[in-house]
Amino acid sequence: MTSSMTTKKTTRKPTTNSRTRPEKGPVAERLQKVLARAGVASRRAAEVLVREGRVQVNGRVITELGTKVDAGKDHVKVDGRHIGAAQRMVYYAFYKPTRVVTTLQDPEGRRTVKGYLKGVHERVYPIGRLDYETEGLILLTNDGDLAARCMHPKHGVSKVYHLLVEGDFPDALLEKLEDGVFIDINPAKDPRRTLPARVKRLKMTRRPKQRTMLEIRLREGRNRQVRRMFARVGREIVYLRRTAVGPVHLGTMRPGDLRPLTPEEVRDLKKL
Ligand code: URA
């Protein structure tokens, strides 16, 4: 085999090393890192691809996470398709309208985020999700490392939502949400309280109906978390929009808008 691929267990030396490679070039890196840099998936998702036997290097299925490959020499395939060379990293803010799924394809044939990515040539994917009925800010990137960092609970990236509920919203409920609630009706199934949150009333309307607009700031992202938190205090959300993720804000964006992040936004996200 003429590859530079190495695994933890093998004793064979890589065919490329600092002596046999006079010119500067790519060096052996962990397979999952190469997959993430090529925009295939986040590093964690790439590990799953490897373990599931979906990755081939120079024609051999590799399931060993310690495997090192040289992206400049080895032929890496995922599900039988060649991964390209490392891509330029790109970062976008997208205003997801309601009734759009936060995936790139949908088996039920509903509108997806992909339909809004005309002109984006890199293989970007959404960082996290919004429900079908929720609108607002979604970040998209092909930078697997940054995506994994943004989603990892230990980094506690803040997310801000604006929402509308029927009726008034007394302080007692506000404080309950801030302190944390069990979002599963059966706490034995999910015994974790939500983490402390910040909740404030933004405005109230009396006509045509009494309604309250609120803002909630969370540092975690559990499934349908905002809707479930409000359901636990007896309020159904009639409208939900995410307005910010970490340092990135919707600002004047409109539903369906896509914009590249500014260098400052990317820098601040990387600092998280
Ligand atoms: N919380 C929800 O309930 N829905 C979302 O889409 C995001 C957060």
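Peer 1: Hey, could you go over the pairing of strand E7 (residues 91-96) for me, with residue numbers and the actual values?
Peer 2: Of all 6 residues in E7, 6 are buried; the element is thus mostly enclosed. The alternating pattern of E7 places Tyr91, Ala93 and Tyr95 on one face and Tyr92, Phe94 and Lys96 on the opposite face, and all of these are buried. When E7 meets strand E9 (residues 135-141), the two strands line up antiparallel, connected through 6 bridges. Counterpart to Ala93 in the pairing with E9 is Leu139. The sheet contact formed by E7 and strand E15 (residues 258-260) spans 3 bridges and is antiparallel. The residue of E15 that forms the bridge with Phe94 is Leu258.

Peer 1: Any details on the environment of Leu202? Residues and values, ideally.
Peer 2: Considering the arrangement of structural elements, one finds Leu202 in strand E11 (residues 198-205). Assessed through its relative accessible area of 39%, Leu202 is described here as partly exposed. Separated by 11 residues in the primary sequence, Leu202 and Met213 place their C-alpha atoms 5.4 Å from one another. Contacts of Leu202, omitting those with residues within four sequence positions, involve His162, Met213, Leu214 and Glu215.

Peer 1: I'd like a rundown of the nonpolar core, residues and numbers included.
Peer 2: By size, the foremost hydrophobic cluster in this structure holds 31 residues, and its most contacted members are Leu163, Phe169, Ile216, Val226 and Phe230. Counting residues per element, the ones that place at least two in this core are E7, E9, strand E10 (159-166), helix H4 (171-179), strand E12 (211-218), helix H5 (225-232) and strand E13 (237-245). Setting aside residues up to four positions removed in sequence, Phe230 forms contacts with Leu163, Val165, Phe169, Leu177, Leu214, Ile216, Arg235 and Ile237. Listed in part, the 18 residues of the second largest apolar core include Ala147, Val157, Met253 and Leu261.

Peer 1: Before we move on, could you go through the sheet that holds strand E3 (residues 60-61) and cite the residues and values that matter?
Peer 2: As summarised here, the arrangement of the 4 strands in space is E3-E2-E5-E6, forming an open sheet in which the pairing is antiparallel. Two strands bound the open sheet, and with one partner strand each, they are E3 and strand E6 (81-82). Relative to E6, strand E5 (residues 76-78) runs antiparallel, the two being bridged by 2 bridges. The residue bridging Lys77 from the neighbouring strand is His82, located in E6.

Peer 1: Account for the side chain of Asp131, naming residues and giving values.
Peer 2: Counting through the fold element by element, Asp131 comes out in the loop between strand E8 (125-127) and E9. Accessibility expressed as a relative area gives 17% for Asp131, which makes it buried.

Peer 1: Explain the packing of aromatic side chains to me, and be specific about the residues and the numbers.
Peer 2: Using the criterion set out here, one finds 2 aromatic pairs in the structure. The interplanar angle of 45° and the centroid separation of 5.0 Å between the aromatic rings of Phe94 and Tyr116 together place this pair among those described as tilted. Of this pair, Phe94 sits in strand E7 while Tyr116 is found in the loop between E7 and E8, placing the two residues 22 residues apart along the sequence. Classification of Phe94 by relative accessible area gives buried; the value is 0%. Geometrically, the ring pair formed by Phe169 and Phe230 is tilted, given 5.5 Å between the ring centres and 35° between the ring planes. Here Phe169 is found in the loop between E10 and H4, whereas its partner Phe230 is found in helix H5, with 61 residues between them in sequence. Neither residue differs from the other here; Phe169 and Phe230 are each classed as buried. Looking at Arg110, its charged tip hangs above the ring of Tyr132, at a distance of 4.8 Å from the centre.

Peer 1: Summarise the pairing of E10; cite the residues concerned and give the values.
Peer 2: For E10, a buried count of 7 out of 8 residues is recorded, marking the element as mostly surrounded by other parts of the structure. Sheet topology places E10 next to E12; 8 bridges connect them, and they run antiparallel. Paired with Val165 across the strands is Thr212, a residue of E12.

Peer 1: Quick rundown of the site of the ligand? Include the residues and the values.
Peer 2: Near the ligand you find Leu130, Asp131, Thr134, Tyr161, Arg224, Gln225, Val226, Arg227 and Leu240, and these make up its full shell. One of the backbone nitrogen or oxygen atoms of Val226 is found 3.1 Å away from a nitrogen atom of the ligand. Notes on the ligand: free accessible area 240 Å², of which the protein chains cover 96%. Examining the composition of the shell around the ligand, we find that 3 residues originate from one element, H5, more than from any other. Here the shell around the ligand is composed, by residue class, of 4 nonpolar, 2 polar and 3 charged.

Peer 1: Tell me about unusual backbone geometry, and name the residues and values.
Peer 2: Backbone torsion omega between Arg207 and Pro208 reads 0°, so that peptide bond is classified as cis. With respect to the helices, strands and loops of the structure, Pro208 is situated in the loop between E11 and E12. The backbone of Asn58 sits at a positive phi, close to 50°, despite the residue not being glycine. Among the secondary structure elements, Asn58 is positioned in the loop between strand E2 (55-57) and E3. Residue Arg224 is not a glycine yet carries a positive backbone phi of 50°. Secondary-structure assignment places Arg224 in the loop between E12 and H5. On the accessibility criterion, Arg224 (41% relative accessible area) is partly exposed.

The rules behind each value
Residues numbered from 1 in each chain as written. Predicted model: local features only at pLDDT ≥ 70, side-chain atom pairs only at ≥ 80, totals over all residues. Heavy atoms only, no water. Buried < 20%, exposed > 50% of the residue type's maximum accessible area, 1.4 Å probe, protein only. Helix = DSSP H or I, 4+ residues; strand = E, 2+ residues; numbered from the N terminus. Pairing = 2+ DSSP bridges. Contact = heavy atoms within 4.5 Å. Core = buried A, V, L, I, M, F, W, Y, C linked by side-chain atoms within 4.5 Å. Phe/Tyr/Trp six-rings, centres within 6.5 Å; stacked < 30°, edge-to-face > 60°. Lys NZ or Arg CZ within 6 Å of the ring centre and 35° of its normal. Near = heavy atom within 4 Å. Polar contact = N/O pair within 3.5 Å; in protein donor to acceptor, adjacent residues only side chain to side chain. Areas by Shrake-Rupley, 256 points an atom, 1.4 Å probe, with all protein chains shown as cover. Nonpolar A, V, L, I, M, F, W, Y, C, P; charged D, E, K, R; others polar.

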